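# Structural overview for review
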Amino acid sequence: MRPVALDWSVENCTIARAMEILGERWTLVVLREVFNGVRRFDDMRVRTNVPRQVLTNRLATLVDRGVLRREPYREPGARLRHEYRLTAMGMDLWPVLVAVLGWGDRYLADPDGSPLVVRHADCDGPVRAVLRCADGHDVTELREIRPAPGPGARRRTD
């Protein structure tokens, strides 16, 4: 049986576009640190062990693509430097990181468990990613999800 998805093009796929920004190994690690409140280059480098040039490149890409913004600061007696803050676009990645964390905890955690948990500020309960349709139904059976062409889909011409 031929998949229906073969009838529509994926040339303008937003997953592919997102992965152009997020798909490199160190990018989500850098974002993890910014979400954890680590905003300065040297602190990120020490905490993650990302090579200096790689970290420079990842931060530049995230700034250029609108995920982070650079904010100037100056320690007394030191030169002007910058720290990295999330933009609205960057904040919208929080559920993605929560989902990746949950997947990693389920399949890749050490026997002692994950070194990171995310909690709701109001009640301290653990936060997890949940799938819900636009009509408000929680999707508990993943096989109930089906991809379909969206409004920007184009029919394949080949």
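Structure first, text after, so check above.
Read on for a plain summary of the structure. Think of each chain on its own: its residues are numbered from 1, step by step along the sequence as written. The predicted origin of the model limits local features to residues at a pLDDT of at least 70 and limits the giving and counting of side-chain atom pairs to 80 or more, whereas totals for whole chains, interfaces and linings rest on all residues. Side-chain figures throughout are based on the complete set of non-hydrogen atoms in the structure, without hydrogens or water.

### Some thoughts on the packing of aromatic side chains
We call Phe, Tyr and Trp rings a pair once their centres come within 6.5 Å, taking the six-membered ring for Trp, and we label the pair stacked below 30 degrees between planes, edge-to-face above 60, and tilted otherwise. Summed over the entire model, instances satisfying the criterion amount to two aromatic pairs. Taken together, a centroid distance of 4.4 Å and an interplanar angle of 25° make the contact between Phe35 and Trp94 stacked. Separated by 59 residues along the polypeptide, Phe35 in helix H2 (residues 27-35) and Trp94 in helix H6 (residues 94-107) bring together distant segments of the chain. Three labels apply to residues, based on accessible area from a 1.4 Å probe with only protein chains included: buried if under 20% of the type maximum, exposed if over 50%, partly exposed otherwise in between. For Phe35, a relative accessible area of 14% gives the class buried. The way it works is that DSSP assigns letters per residue, a run of H or I at least four long becomes a helix, a run of E at least two long becomes a strand, and they are numbered from the N terminus.

### Focus: the environment of Leu55
Examined against the element boundaries, Leu55 turns out to sit in helix H4 (residues 52-64). A C-alpha to C-alpha distance of 9.8 Å links Leu55 and Asp42, two positions 13 residues apart in sequence. Throughout, a residue-residue contact means that at least one pair of heavy atoms, one from each residue, lies within 4.5 Å. Among residues more than four places away in sequence, those in contact with Leu55 are Val30, Phe41, Met44, Arg45 and Val50.

### Here's the deal with H4
Between the first and last residue of a helix there are one fewer steps than residues, each counted as 1.5 Å, and that sum is the expected span. Counted at 1.5 Å a residue, the expected span for H4 with its 13 residues is 18 Å, and the 18 Å between its end C-alpha atoms agrees. Here H4 has its buried residues at Leu55, Arg58, Leu59 and Leu62. Taken around the axis of H4, the buried residues stretch over an arc of 95°, which confines them to a single face. In H4, the exposed positions angled more than 90 degrees off the buried face are occupied by Gln53 and Asp64. As for H4, its buried residues are in contact with helix H1 (14-22), H2, helix H3 (41-48), strand S1 (68-73) and strand S2 (81-86). In the stretch just after H4, Gly66 is the one whose phi turns positive, near 85°. Arc, as used here, means the arc of the directions from the helix axis to the C-beta atoms.

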